[in-house]
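Spelled out, the chains give:
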Amino acid sequence: MMVKNKLTWLLLLVRLPATHKAERVAIWRKLKKTGAIQIQTSTYILPDEPSCYETFQWLTQQIRDAGGDATLVRARQIEGLSNEKLIGTFNAARAKEYGALRQLVGSIAERRSPKSNSAGSFDRVRKQFRDIRQTDFFKCPRAQDVETLLRKMDTRRTGEADFTKIKARDYRNKSWITRPRPEIDRVGSAWLIRKFIDPRAKFIFAKTIPASRRVVSFDMLDADFTHRGGDCTFETLIRSFGIRDNAVHKIGEMVHDADLDDEKYKRLECIGIDRVLKGWAREGLSDQEILRRGWQCFDALYTFLLRV
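Residues numbered from 1 in each chain as written. Predicted model: local features only at pLDDT ≥ 70, side-chain atom pairs only at ≥ 80, totals over all residues. Heavy atoms only, no water.

Caption draft 1: How the structure looks around the sheet that holds strand 3 (residues 43–47). Strand order in the open sheet formed by four strands is 2-3-1-4, and the pairing between neighbours is antiparallel. Strands with a single pairing partner mark the edges of an open sheet, and in this sheet they are strand 2 (37–40) and strand 4 (69–75). Adjacent strand axes in the sheet meet at a mean angle of 30 degrees, parallel and antiparallel pairs treated alike. The sheet contact formed by strand 1 (residues 9–15) and strand 3 spans five bridges and is antiparallel. (Pairing = 2+ DSSP bridges. Helix = DSSP H or I, 4+ residues; strand = E, 2+ residues; numbered from the N terminus. Axes fitted to C-alpha atoms, helices over the stretch in contact; angles between N-to-C directions.)

Caption draft 2: Expanded view of the packing of helix 1 (residues 21–34) against helix 2 (residues 50–65). Relative to each other, helix 1 and helix 2 sit at 180 degrees, their axes nearing to 11 Å. Taken together, the axes of helix 1 and helix 2 lie roughly antiparallel to each other. Here Ile27, Lys30, Leu31 and Thr34 of helix 1 lie close against helix 2, whose contacting residues are Thr55, Phe56, Trp58, Leu59, Gln62 and Ile63. Looking at side-chain class alone, the contact of helix 1 with helix 2 contains six nonpolar, three polar and one charged residues. (Parallel < 35°, antiparallel > 145°, perpendicular 65-115°, else oblique. Contact = heavy atoms within 4.5 Å. Nonpolar A, V, L, I, M, F, W, Y, C, P; charged D, E, K, R; others polar.)

Caption draft 3: Just the packing of helix 7 (residues 233–240) against helix 8 (residues 246–260), in detail. The contact between helix 7 and helix 8 brings their axes to 8 Å, and the two run at 150 degrees. Considering the angle they form, helix 7 stands roughly antiparallel to helix 8. Contacts between helix 7 and helix 8 pair Phe234, Glu235 and Ile238 from the former with Val248, His249, Ile251, Gly252, Val255 and His256 from the latter. Broken down by class, the residue content of the contact of helix 7 with helix 8 amounts to five nonpolar, three polar and one charged.

Caption draft 4: The arrangement of helix 10 (residues 287–306) in detail. In this model helix 10 runs 28 Å from its N-terminal to its C-terminal C-alpha over 20 residues, within 8% of the 28 Å that 1.5 Å per residue would give. Here helix 10 has its buried residues at Asp287, Ile290, Leu291, Gly294, Trp295, Phe298, Leu301, Tyr302 and Leu305. For helix 10, the arc enclosing every buried residue in end-on projection is 135 degrees, short of the 170-degree limit, so these residues lie on one face. The secondary structure elements touched by the buried residues of helix 10 are helix 6 (184–197), strand 6 (202–205), helix 8 and helix 9 (269–282). (Expected span 1.5 Å × (residues − 1). Buried < 20%, exposed > 50% of the residue type's maximum accessible area, 1.4 Å probe, protein only. Arc of directions from axis to C-beta.)

Caption draft 5: Geometry of the environment of Asn246. Here Asn246 is to be found in helix 8. For Asn246, a relative accessible area of 61% corresponds to the exposed category. Placed 56 residues apart in sequence, Asn246 and Tyr302 show a C-alpha to C-alpha distance of 10.0 Å.

Caption draft 6: Summary view of the layout of surface pockets. As a volume, the second largest pocket reaches approximately 270 Å³. What lines the second largest pocket is simply Trp28, Leu31, Lys32, Gly35, Ala36, Ile37, Gln38, Tyr44, Ala93, Arg94, Lys96 and Glu97. Elements represented by at least two residues in the lining of the second largest pocket include exactly helix 1, strand 2 and helix 3 (83–111). The element that contributes the greatest number of residues to the lining of the second largest pocket is helix 3, accounting for four residues. Tallied by class, residues from the lining of the second largest pocket come to six nonpolar, two polar and four charged. (1 Å grid on protein atoms, 1.4 Å probe; cavity = no way out; pocket = protein on both sides within 12 Å on 5 of 7 lines; lining within 4 Å. Points joined across faces, edges and corners; volume = space filled by probe spheres on them.)

Caption draft 7: Layout of the sheet that holds strand 6. Reading across from one edge, 6-5-7 is the order of the three strands in this open sheet, with parallel pairing throughout. Two strands bound the open sheet, and with one partner strand each, they are strand 6 and strand 7 (216–217). Where strand 5 (residues 175–178) and strand 6 come together, four bridges link them in parallel fashion. Residue pairing in the sheet places Ser175 in a bridge with Lys202 of strand 6.

Caption draft 8: Structural detail: the confidence of the model for the chain. On average, the chain scores 87 in pLDDT, and the residues at 70 or more come to 88%. No element of the chain has a lower mean pLDDT than helix 5 (residues 142–156), at 74, and none a higher one than helix 6, at 97. A low-confidence stretch, residues 113–118 (pLDDT under 50), is modelled with six contacts involving residues beyond four sequence positions or located in other chains. (pLDDT = per-residue confidence, 0-100.)

Pasting the structure below:
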């Protein structure tokens, strides 16, 4: 995240007609999902990052389409609200969400024995955790509590998640879809797909999976291939397609530690690549260009590991 004294902020000033109750509720839910905090009656704030700017732009159009008015403002300072105070407010909001999720995890553990827990239950909890992490812009300390609890529950489960082996030839010449602004797991997974699964894969970016298009989705909500159990998407692809390349498995460990930040394998190599990817996003590079450059990093890393 940006240094505190260099932070800039995005303010969304919202006005909806009082008669449009349904639209007001819908907009409020969407604002809540973005992780924005409300600093005045109709003013919401997010840190000035490309993904946040894109989200507020999208909401601005939705508000106007609903008959309201919205103004998006970029600010370096907000009188009466220091950067430290704003960061504290964001962390307090995330802490409340992490606390509620921690209670949910605890209730699941108490209600059911580890053997009876279905993979779906854990996947849903992990999805909620990842959703909160997506809006945890300032690394709220409470995240560690939930992550530790999830790891403990993983170790109590019997065996690994059930991975049905899939034939790569059934996934050739496909369009693969994932979330915009790709970071380490999405870039790495796309590299893995292109190199070992679908050499002619085409990659597209969207926030949700389109119902009308025949695509293979990865690393997004309800995707064909995403985090499973304690694995990141890169690892899920390795297991699902039965990839046995030793260098790829090493990269999988590196991507896991960089993406989940749990130090499971004590691998640091991909943390630097992840920061480079995030830097390119902040410079305004397109998603496709981030993929192209990211693949060069993974190609070089793979070549190096083959010779170790």
